[in-house]
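Coordinate analysis (summary)
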Amino acid sequence: MKPFFFTWLLLGLCLSFGLTSARCEPVLAAGGTEIGELIVQGQGDNESPEKPSAFASVIHPDEYSNQLTTLPELLSQQVGVHVQSFGGLGQLSTVSIRGSTAEQVSVFIDGIKINTAQGGAVDFSTLPLGSIERVEILRGGASSQFGSDAIGGVINIVTKRAQKKYSLELKYSEGSFFTIQTHEGFSKRFGKIGLVFDHTHLSSDGDFPFLSSGVQFAGGGQIGGGKEFTRLHNSFFSEGFLSSMQVDLSEKWRLNFLNDFFATSRDEPGTEFETTQLYPANPLNGHEVLFRDAAGVQLKGEDVFVKGLDFSVAPNYRMERSHFTDATPALGGPIDVTYLNQAAGIKPKWTYHRDFGAHAHDFALLYDFRYEHFSSASPLPGTALPGTHTRRTNALFFQDEINLLDGNLFFNPSVRYEHANDFGGDVALHFGIVGRPASWVALKSNVENSFRYPSFNELYFPDQGFLRGNPNLLKEEAINFDVGAVFQKGWAQGELSYFRKAEPSSGRTATSSPCRARTSATSKLSTRWDSRCPGPASTCPSGQKLKGENHETPRLPHHHPLRLRDPRRLWFQQCADQFRQRKQ
């Protein structure tokens, strides 16, 4: 009951300030551009058009055009966002929001969800900045608006659109370790047709020096460490291509086409133990080649049949193919696996604006269908694979944006019903409120329940003795609440907020050493344990096995890169760390 108490307390504070005398810009500006479910409108740098009550940040990459920077670097500067990078520039980088896991952050490119059903987490090193116009970060649960996975928050990436004036952009940048970045962009409107073509190249040798870590003692002090090594086998190159076309069919109807393609070839540098202890006797051969393509079409009509009624429909398709090889891994035999993720969906949406004088409403009704297909293959005989799996989700979303007191008081209730063929139905409810006691300050609060379906890796990863999936997993659930204030006056801006996330289904139990127990300590991608049983659940006596319960082994820091590449190395890293400590 506390979240609701604080929400209504905030409402009372708003009213007590006398909001009728304050003026501000309307929450929803006119003339927005919609791509799928996400709307891009003229908002401030702390407001989201999809969820105005959310605590949000906006990044404009053009402001950093004179720097050689990347999207993970810019995200790491945002409040409430933590970026975990591995191997240096161009290597895996994942994001958590407000302490979530990387799998609990939904990521969209122009309305196309790029989280895969295989692993869930998005590698932000595969998103070049050159083609991005705007990055919107929503902190806090958002499953009612965006569906499964949005427990920690949402990152919405909006690509560049054609401008009326001719635009040609050519850039070349150099950095340390033979780092090179180039960017070429073209944008122009030809009457009723707008075209955008964009290409970004980034490459680096990446063999930077580092100091080896030592053994830290709980009571203070350290043994070993401080010896200089070179981060070997760390090179990469990547290419990103964006093409889009906007066609004005009439005064009321527009048609948009989008294709966003990315490819990278990168070496796997391995763990510190492999670099400092096993190399060169055990060569570093890990390598990954990744392709991703997102394509979408959107038809949008304004004032359809009646004034204020808009309609849009947006079919989309996404493909991601990853090929990982390692002829001499530190643990187990040779690795040669290919993972293919495909997703297709369609989002018809109706919005209706109605002004009743004292209050105005913006209604939205959305149907969201998504089909995901995952497959794995290997030319090596006897290789254990996750197999082939599919997931179909159907969702119906409704929200009402209620504006009172000339936009100085705003309510945002919404509801989403989503059904997955493998996990059944879920209802996500959200209630948000925004009050403006003055034009330069906004008081906000939100309460919402969110959910996430386990990924196919977490469910079906093959049993390798020390690591396996668990097909009995339940979905993750959470209740999110936040309250606070956002200040913006001239060049100065700030945010003060309190948030709380409760995950009633994510209980956990203690276990012994992962080397002795022979199980992974990653979140969800592991065997589930019963505190009464000293071994994996599958070895427990009858009656002690946890069927479908969400007890998990303790988590490592939740963005280990090997979860997306070769999960076997994760267990090896833990054992290597323990071995080094015992040896010291």
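Residues numbered from 1 in each chain as written. Predicted model: local features only at pLDDT ≥ 70, side-chain atom pairs only at ≥ 80, totals over all residues. Heavy atoms only, no water.

**So, the overall build of the chain**
The helix and strand inventory of the chain stands at seven helices and 30 strands. Counting the 584 residues in the chain, one finds 56% classified as buried. Pairs at least 24 residues apart make up 66% of the contacts formed inside the chain by residues separated by at least 6 positions. (Helix = DSSP H or I, 4+ residues; strand = E, 2+ residues; numbered from the N terminus. Buried < 20%, exposed > 50% of the residue type's maximum accessible area, 1.4 Å probe, protein only. Contact = heavy atoms within 4.5 Å.)

**Comments concerning the sheet that holds strand β6 (residues 105-109)**
Across the sheet, which stays open at both edges, the five strands sit in the order β3-β8-β9-β6-β7 with mixed pairing between neighbours. Single-partner strands in this sheet number two, and they are β3 (55-59) and β7 (112-113). Pairing geometry for β6 and β7, over two bridges, is antiparallel. Paired with Ile109 across the strands is Ile112, a residue of β7. (Pairing = 2+ DSSP bridges.)

**Thoughts on the pattern of salt bridges**
Going through the model one piece at a time under the given rule, you end up with 20 salt bridges. The salt bridge involving Glu136 is made with Arg134; its shortest N-O contact spans 3.1 Å. Glu169 is the partner of Lys160 in a salt bridge, and the nearest nitrogen-oxygen pair spans 3.4 Å. On the basis of relative accessibility, which here comes to 15%, the residue Lys160 falls in the buried class. One network of salt bridges, in which partners are shared, links Asp123, Arg266 and Glu288. (Salt bridge = Lys/Arg side-chain N within 4 Å of Asp/Glu carboxyl O.)

**With respect to empty space enclosed by the protein**
Tallied over the entire structure, the rule returns 13 cavities of 30 Å³ or more. What lines the largest cavity is a set of 31 residues, and nearest its centre among them are Lys113, Ser148, Asp149, Arg370 and Glu372. If you list the elements that add at least two residues to the lining of the largest cavity, you get β7, β22 (335-346), β24 (359-377), β25 (389-404) and β26 (409-420). Element by element, the count of residues in the lining of the largest cavity is highest for β24, at four residues. Residue composition of the lining of the largest cavity, by class: nine nonpolar, 10 polar and 12 charged. (1 Å grid on protein atoms, 1.4 Å probe; cavity = no way out; pocket = protein on both sides within 12 Å on 5 of 7 lines; lining within 4 Å. Points joined across faces, edges and corners; volume = space filled by probe spheres on them. Nonpolar A, V, L, I, M, F, W, Y, C, P; charged D, E, K, R; others polar.)

**Thoughts on the side chain of Arg391**
With respect to the element layout, Arg391 can be found in strand β25. You can call Arg391 buried: its relative accessible area is 4%. A polar atom in the side chain of Arg391 sits 2.9 Å from the backbone oxygen of Pro454. When neighbours within four sequence positions are excluded, Arg391 is seen to be in contact with Arg370, Tyr371, Glu372, Asn421, Asp422, Phe423, Tyr453, Pro454, Phe456 and Leu459. (Polar contact = N/O pair within 3.5 Å; in protein donor to acceptor, adjacent residues only side chain to side chain.)

**Examining the environment of Gln488**
Positionally, Gln488 belongs in strand β29 (residues 476-489). Along the chain, Gln488 and Ser439 lie 49 residues apart, while their C-alpha atoms are 8.6 Å from each other. Among the polar contacts listed, one links the side chain of Gln488 to the side chain of Gln493, at a separation of 3.4 Å.

**Some details on the packing of aromatic side chains**
Summed over the entire model, instances satisfying the criterion amount to 17 aromatic pairs. When the centroid spacing of 6.3 Å and the interplanar angle of 20° are considered together, the rings of Phe363 and Phe398 count as stacked. Residue Phe363 is located in strand β24, and its partner Phe398 is located in strand β25; the two are separated by 35 residues in the primary sequence. Assessed through its relative accessible area of 27%, Phe363 is described here as partly exposed. An aromatic cluster of at least three residues, connected via ring pairs, comprises Tyr339, Phe374, Phe456 and Tyr460. Here Lys188 stacks its cationic end above the ring of Phe190, 5.1 Å away from the centre of that ring. Above the ring of Phe55, the side-chain terminus of Lys444 is found at 6.0 Å from the ring centroid. (Phe/Tyr/Trp six-rings, centres within 6.5 Å; stacked < 30°, edge-to-face > 60°. Lys NZ or Arg CZ within 6 Å of the ring centre and 35° of its normal.)

**A word on the pairing of strand β10 (residues 167-175)**
Sheet topology note: the β10/strand β11 (residues 179-190) ladder contains nine bridges and is antiparallel. When the sheet's bridge partners are listed, Tyr172 is paired in β11 with Thr182. Between the end of β10 and the start of β11, which pair antiparallel, lie three residues, with Phe177 showing a positive phi angle near 60°.

**Concerning the side chain of Arg452**
Of note, Arg452 is situated in strand β28 (residues 441-452). Among the polar contacts listed, one links the side chain of Arg452 to the side chain of Glu458, at a separation of 3.0 Å.

**Regarding unusual backbone geometry**
Along the chain, Tyr279 connects to Pro280 via a cis peptide bond; the corresponding omega equals 10°. In this fold, Pro280 is placed in the loop between α4 (272-278) and β19 (287-301). Unlike most non-glycine residues, Asp149 shows phi in positive territory, near 90°. With respect to the helices and strands, the residue Asp149 is situated in the loop between α3 (143-146) and β9 (153-159).

**Description of a nonpolar patch on the surface**
Nonpolar side chains collect at one region of the surface, where Ile346, Trp350, Leu365, Tyr367, Leu396, Phe398, Val415, Tyr417, Val427 and Leu429 lie side by side and expose about 840 Å² of accessible area between them. When residues of the nonpolar patch are traced back to their parent elements, those giving at least two are β24, β25, β26 and β27 (424-438). Classification of Phe398 by relative accessible area gives partly exposed; the value is 38%. (Patch = residues over 30% accessible without salt bridge, like charges linked within 9 Å, V, L, I, M, F, W, Y side chains within 5 Å. Areas by Shrake-Rupley, 256 points an atom, 1.4 Å probe, with all protein chains shown as cover.)

**What to know about the nonpolar core**
Core analysis: the largest hydrophobic core is formed by 21 residues, its most contacted members being Leu71, Leu75, Phe124, Val135, Ile155 and Ile157. Of all the secondary structure elements, the ones that give two or more residues to this core are α2 (71-75), β4 (81-85), β5 (93-97), β6, β8 (132-139) and β9. In this view, Leu75 contacts Ile59, Val81, Val83, Val95, Phe124, Val135, Ile137 and Ile155; residues no more than four positions away in its chain are not counted. Listed in part, the 14 residues of the second largest apolar core include Ala117, Ile335, Tyr339 and Leu459. (Core = buried A, V, L, I, M, F, W, Y, C linked by side-chain atoms within 4.5 Å.)

**Description of the confidence of the model for the chain**
A low pLDDT means the predicted coordinates there should not be read in detail. Predicted confidence across the chain gives a mean pLDDT of 80, with 76% of residues reaching 70 or more. Across the chain, the secondary-structure element scoring lowest on mean pLDDT is helix α6 (residues 514-517), at 34, and the one scoring highest is strand β20 (residues 309-313), at 97. Segment residues 1-43: pLDDT under 50, and 97 contacts once partners within four positions in sequence are set aside and those in other chains are kept. (pLDDT = per-residue confidence, 0-100.)

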